[in-house]
Amino acid sequence: MAELQEVQITEEKPLLPGQTPQAAKEAELAARILLDQGQTHSVETPYGSVTFTVYGTPKPKRPAILTYHDVGLNYKSCFQPLFQFGDMQEIIQNFVRVHVDAPGMEEGAPVFPLGYQYPSLDQLADMIPCILQYLNFSTIIGVGVGAGAYVLSRYALNHPDTVEGLVLINIDPNAKGWMDWAAHKLTGLTSSRSEMILGHLFSQEELSGNSELIQKYRNIITNAPNLDNIELYWNSYNNRRDLNFERGGDITLKCPVMLVVGDQAPHEDAVVECNSKLDPTQTSFLKMADSGGQPQLTQPGKLTEAFKYFLQGMGYMASSCMTRLSRSRTASLTSAASIDGSRSRSRTLSQSSESGTLPSGPPGHTMEVSC
């Protein structure tokens, strides 16, 4: 009798009991659509509930990209133009994304009751470990704007081992001084809540120009059903503590950092000062021309390219192709002088409109991007 041989057959994607191949294909398609639309979750923390939306699936040995929005916005109005940009798709295919909405800022959020104690920015940062624990994520690359940049910086100071990199747009690491408080109070006497928040988000030139973008965001904020909640977030931002960054000191960001600000933006001076306080070997400073107060809204292409180089500098996406921006520009390197004697020597990367490619240099340089 011929010897019988046992042959083991395994399915690459085993079907569920009673599931036909067609049903399995439809279920897989539905799962993909669900991932593309994002999955929204809420978790309870010591400081209240926080809502976040997850896109994509975790990639082995890769951090999640975690975003945190500014005052007056939510994750969609703050980041959607950036993450839906064409060239950004190459990045988001390689990382799972977690978009955090500050409490009460998510779409459809109920208005907090009168007298509700809104979390401080430090407490908002303390909510992030609950999110990562819920998702079982160990490390992140943070992308924050304004108040969100502060929250992520505070989190990175408290949990440096869980942060692989930070992209901080319009960060102001300083607490408000007496002069700032006086100016804020005077402005409050003559301006509405929505106009004060718009002045935080956009430059006076942009507001005066009243472009289609400004009209859109003025309408979003002025007619927001949760405007009272937004004011609570705004108050927490104005009551923030000083991050006390110190170059060469114990209080500093340990991970690679890319600071971003538009020229003539409301927070330009604060970001420049922040750059002078961080480790120059770990910090890149991207000053974007013609981008106004919200570069991720007005110049998503330039910011996408800078983000891609930032990730490559961290060892990710090494084989990534050059984008249209880099193919259409020439990079020239010049040394930048110290600012107020406190900044170390850095490199300034300026881009012309002639054809060429951008060099991938080490961190610790200033990139001034103009059209």
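Everything below is about the structure printed above this text.
Parameters at a glance
- Residues numbered from 1 in each chain as written.
- Predicted model: local features only at pLDDT ≥ 70, side-chain atom pairs only at ≥ 80, totals over all residues.
- Heavy atoms only, no water.
- Phe/Tyr/Trp six-rings, centres within 6.5 Å; stacked < 30°, edge-to-face > 60°.
- Lys NZ or Arg CZ within 6 Å of the ring centre and 35° of its normal.
- 1 Å grid on protein atoms, 1.4 Å probe; cavity = no way out; pocket = protein on both sides within 12 Å on 5 of 7 lines; lining within 4 Å.
- Points joined across faces, edges and corners; volume = space filled by probe spheres on them.
- Nonpolar A, V, L, I, M, F, W, Y, C, P; charged D, E, K, R; others polar.
- Axes fitted to C-alpha atoms, helices over the stretch in contact; angles between N-to-C directions.
- Helix = DSSP H or I, 4+ residues; strand = E, 2+ residues; numbered from the N terminus.
- Parallel < 35°, antiparallel > 145°, perpendicular 65-115°, else oblique.
- Left-handed = near helix turned anticlockwise from the far one by under 90°.
- Contact = heavy atoms within 4.5 Å.
- Buried < 20%, exposed > 50% of the residue type's maximum accessible area, 1.4 Å probe, protein only.
- Pairing = 2+ DSSP bridges.
- Core = buried A, V, L, I, M, F, W, Y, C linked by side-chain atoms within 4.5 Å.
- Polar contact = N/O pair within 3.5 Å; in protein donor to acceptor, adjacent residues only side chain to side chain.

## A few points about the packing of aromatic side chains
- One pass over the structure, following the stated rule, counts ten aromatic pairs.
- Ring geometry for Phe-112 and Tyr-118: centres 6.0 Å apart, planes at 65°, overall edge-to-face.
- These aromatic residues form a ring-pair network of at least three members: Phe-112, Tyr-116, Tyr-118 and Tyr-233.
- Cation over ring: Arg-62 sits above Phe-95, and NZ or CZ is 5.3 Å from the ring centre.
- For the cation-ring pair, Arg-97 lies above Tyr-55, with the distance from its terminal atom to the ring centre recorded as 4.5 Å.

## As for empty space enclosed by the protein
- Inspection of every chain in the model, using the stated rule, returns two cavities of 30 Å³ or more.
- Of the residues assigned to the lining of the second largest cavity, the class counts are six nonpolar, one polar and no charged.

## Quick word on the packing of helix H7 (residues 193-201) against helix H10 (residues 227-238)
- At a minimum axis separation of 11 Å, H7 and H10 run at an interaxial angle of 50°. Here H10 runs oblique to H7, going by the angle between their axes. Seen from above, H7 lies across H10 with left-handed handedness. Along the contact surface, H7 presents Arg-193, Met-196, Ile-197 and His-200, while H10 presents Leu-227, Asp-228, Ile-230, Glu-231, Trp-234 and Tyr-237.
- Classifying every residue of the contact of H7 with H10 by side-chain character gives six nonpolar, one polar and three charged.

## Details of the environment of Cys-78
- Mapped onto the elements, Cys-78 comes out in helix H2 (residues 75-83).
- When the C-alpha atoms of Cys-78 and Leu-297 are compared, they prove to be 7.4 Å apart, with 219 residues separating the residues in sequence.
- Apart from the residues within four sequence positions on either side, Cys-78 is in contact with His-69, Asp-70, Leu-73, Val-145, Gln-296 and Leu-297.

## Notes on the pairing of strand E3 (residues 64-68)
- For E3, a buried count of five out of five residues is recorded, marking the element as mostly surrounded by other parts of the structure.
- Residues Ala-64, Leu-66 and Tyr-68 line one face of E3 and the alternating positions Ile-65 and Thr-67 line the opposite face, and both faces are buried.
- Pairing between E3 and strand E5 (residues 140-145): five bridges, direction parallel. Directly across from Thr-67, in E5, lies its bridge partner Val-143.
- Across four bridges, the pairing between E3 and strand E4 (residues 97-101) is parallel. When the bridges of E4 are listed, Tyr-68 appears paired with Val-100.

## Digging into the pairing of strand E2 (residues 48-55)
- Burial within E2 is extensive, with six of its eight residues counted as buried.
- Where strand E1 (residues 39-45) lies against E2, seven bridges are found, and the strand directions are antiparallel. Following the sheet pairing, Gln-39 is matched in E2 by Val-54.
- Taken together, E1 and the strand that follows it, E2, pair antiparallel across an intervening segment of two residues.
- As judged from the five bridges shared by E2 and E4, these two strands associate in the antiparallel manner. Opposite Thr-53, over in E4, you have His-99 as the bridge partner.

## Points about unusual backbone geometry
- A positive phi is found at Asn-210, a non-glycine position, where the angle reads about 50°.
- Position of Asn-210 among the secondary structure elements: in the loop between helix H8 (204-209) and helix H9 (212-222).
- The phi angle at Asn-244 is positive, at roughly 60°, despite the residue not being glycine.
- Examined against the element boundaries, Asn-244 turns out to sit in the loop between H10 and strand E7 (257-262).
- Look at Asn-244 and you get partly exposed, because its relative accessible area is 46%.

## A closer look at the nonpolar core
- Counting 93 residues, the largest nonpolar core has Val-98, Leu-166, Tyr-233, Leu-253, Leu-259 and Phe-307 as the members making the most contacts within it.
- Broken down by element, this core gets its largest block of residues, nine residues, from helix H4 (residues 121-135).
- With residues near it in sequence (within four places) discarded, Phe-307 still touches Ile-65, Met-88, Ile-91, Ile-141, Val-143, Val-167 and Met-258.

## Brief notes about the environment of Gln-80
- Along the polypeptide, Gln-80 turns up in helix H2.
- The spacing of Gln-80 and Leu-297 is 217 residues in sequence and 8.3 Å in space, taken between C-alpha atoms.

## Here's the deal with the side chain of Asn-74
- On the secondary structure map, Asn-74 appears in the loop between E3 and H2.
- Within the local environment of Asn-74, its side chain forms a polar contact with the backbone nitrogen of Lys-76, the two atoms lying 3.0 Å apart.
- From its side chain, Asn-74 meets the backbone nitrogen of Ser-77 in a polar contact 2.9 Å long.
- Setting aside chain neighbours within four positions, we find Asn-74 in contact with His-69, Asp-101, Met-105 and Glu-107.

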